[in-house]
Amino acid sequence: MSSSTDSFTLTPVPEEAKPFIRTCRADAALQTAGIGIEHLSDLEIAKFWIGYHKDEKVAQAKLASTLKWRADYNLAGTLTEDFSDIHAIGKFYPLLKPSQLGLTILVWHPRLHNPDAKQLERLIRFFVSVVYGNWKKGVASDKIIVLVEQTGTESKNRDIAMVKQLATVFNENFPETLDSCFCFPSGWLMTTFWAAVKLFLDPVTADKVSFINEEDIPDVLAEITTPGNLPVALGGEWEGAPTSPKC
C-alpha cells in the first residue's frame, strides 16, 4: 500500500510539453479565441497536448474550441453557481481527503439518481463545478478517482443521456482528468449498462474503468484510501457524507 497523504497533488507539467505551451501562448488566434489562452494554466494546456497524443495541430484546434466553449458556456459563472440542492441529495460528492497518492476521490451513488432531461444541463454544470471548479479553487487535484457504488441501483436509475453528455464535455474540454474509475459490486445490470456506455468513451478512458467483485471491494478500497476517509456506506468510518432516502 502506498503511504497516505493529506495533500492533493497536481500533475507536473512535462518538460517536453513546454515548447508547445510557449507556441500556444504566442498564437494570436488562441489569444483572441473565446476567453483567451491566458486564462488557461500551463498544466491545462499540457493536458490537451497529452490527451491528443502530442499531435500539436490537433491539440491547438481543440484548445481553440474549448476557449470558445468556455466563453459560450459561461464557465466562470458555473464555478460560482449554487448547487447545494443537488449536493444535498448525496448522489455525487468528494471525500474529504485525497487518495493514498494525493488524488481527489469522488463517489457516485446511481441509486439516488433519477434521470430528468429537463435538469440534465444543470447536472452537467454541477459535475463541472465539483471536478474542475474544486481543482481551480485549490481544494482538489487535477486528476480524479471515481467510486461508483452500485448497491440498490435499478434500471430506472440508469442515464445513458447523462453519461453521453458528460463524456463529451470532459473529453472535449477537460482532457486527462480521469485517473481511474471503480464500479462495484459488479453484476449483470452494470455489465449491460457498460456495453452501451462504452460506445461513448474513447478507448483510453474506457481502459481506466474497472469492475470489482463484492469480495474484492475491501482490498481495493484499502489501496485507495483509509477507513477514516471512507463513508460508512462504503464500509468506512466517515459519517459526514451527504445522505438521502433512496429515490
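A.B. asks: Can you help me understand the sheet that holds strand S1 (residues 92-94) in this one?
C.D. replies: Backbone hydrogen bonds hold the strands of a sheet together, and the pairing may be parallel or antiparallel. Strand order across the open sheet formed by 5 strands is S1-S2-S3-S4-S5, with mixed pairing between neighbours. Lying at the two open borders of the sheet, with one neighbouring strand each, are S1 and strand S5 (209-211). The average undirected angle you get between the axes of adjacent strands in this sheet is 20 degrees. Relative to strand S2 (residues 104-108), S1 is paired through 3 bridges, and the arrangement is antiparallel. Across the sheet, the residue bridging to Phe92 is Trp108, located in S2. Contacts from helix H7 (residues 120-136) reach S1, S2 and strand S3 (144-149) within the one sheet, and its direction differs from that of S1 by about 10 degrees. Its contacts with the sheet put helix H11 (residues 217-224) on S2, S3 and strand S4 (178-184), and the angle it makes with S4 is roughly 155 degrees.

A.B. asks: How do you make sense of the side chain of Thr78 when you look at a structure like this?
C.D. replies: Mapped onto the fold, Thr78 is located in helix H5 (residues 75-78). Relative accessible area serves as the criterion here: at 2%, Thr78 is assigned to the buried category. Not counting residues within four places of it along the chain, the set of residues in contact with Thr78 comprises Tyr73, Phe83, Arg125 and Ser129.

A.B. asks: Sorry if this is basic, but what is going on with helix H1 (residues 18-26) here?
C.D. replies: Given 3.6 residues to a turn, an α-helix orients residues that are three or four positions apart in the same direction. Among all positions in H1, only Phe20, Ile21 and Cys24 are buried. Buried positions in H1, seen along its axis, are confined to an arc of 100 degrees and lie on one side of it. Residues of H1 that are exposed and point more than 90 degrees away from the buried face comprise Arg22 and Ala26. Structurally, H1 contributes buried residues whose contacts are with helix H2 (28-32), helix H3 (42-51) and helix H4 (56-73).

A.B. asks: How should I be thinking about empty space enclosed by the protein in this particular structure?
C.D. replies: It is the rolling of a water-molecule-sized probe over the atoms that shows where space remains empty. Here the structure, examined in full by the defined rule, presents 1 cavity of 30 Å³ or more. When its volume is computed, the largest cavity comes out at roughly 90 Å³. Along its surface, the largest cavity is lined by 13 residues, and Lys47, Tyr132, Trp135, Phe174 and Thr177 are the ones closest to its centre. Every element with two or more residues in the lining of the largest cavity is listed here: H3, H7 and helix H8 (160-173). Within the lining of the largest cavity, the residues separate by chemical class into 7 nonpolar, 2 polar and 4 charged.

A.B. asks: So what exactly am I meant to see when it comes to the layout of surface pockets here?
C.D. replies: Each pocket or cavity is described by its volume, and for the largest pocket that value is around 990 Å³. Together, 40 residues line the largest pocket, and Leu166, Ala167, Leu178, Leu201 and Thr205 are the ones closest to its centre. Contributing elements (two or more residues each) for the lining of the largest pocket: H3, H7, S3, H8, S4, helix H9 (188-197) and helix H10 (203-206). Sorting the residues of the lining of the second largest pocket by element identifies helix H6 (84-89) and H7 as the ones contributing at least two each. Looking at the lining of the second largest pocket residue by residue, the classes come out as 6 nonpolar, 3 polar and 5 charged.

A.B. asks: I would appreciate a short explanation of the environment of Leu123 in the present structure.
C.D. replies: Note on placement: Leu123 falls in helix H7. Residue classification places Leu123 among the buried positions, given a relative accessible area of 6%. Taking the C-alpha atoms as reference points, Leu123 and Thr11, separated by 112 residues in sequence, lie 27 Å from one another. If near-sequence neighbours (up to four positions away) are discounted, Leu123 is found in contact with Ile86, Lys91, His113 and Met162.

The rules behind these values
- Residues numbered from 1 in each chain as written.
- Predicted model: local features only at pLDDT ≥ 70, side-chain atom pairs only at ≥ 80, totals over all residues.
- Heavy atoms only, no water.
- Pairing = 2+ DSSP bridges.
- Helix = DSSP H or I, 4+ residues; strand = E, 2+ residues; numbered from the N terminus.
- Axes fitted to C-alpha atoms, helices over the stretch in contact; angles between N-to-C directions.
- Contact = heavy atoms within 4.5 Å.
- Buried < 20%, exposed > 50% of the residue type's maximum accessible area, 1.4 Å probe, protein only.
- Arc of directions from axis to C-beta.
- 1 Å grid on protein atoms, 1.4 Å probe; cavity = no way out; pocket = protein on both sides within 12 Å on 5 of 7 lines; lining within 4 Å.
- Points joined across faces, edges and corners; volume = space filled by probe spheres on them.
- Nonpolar A, V, L, I, M, F, W, Y, C, P; charged D, E, K, R; others polar.

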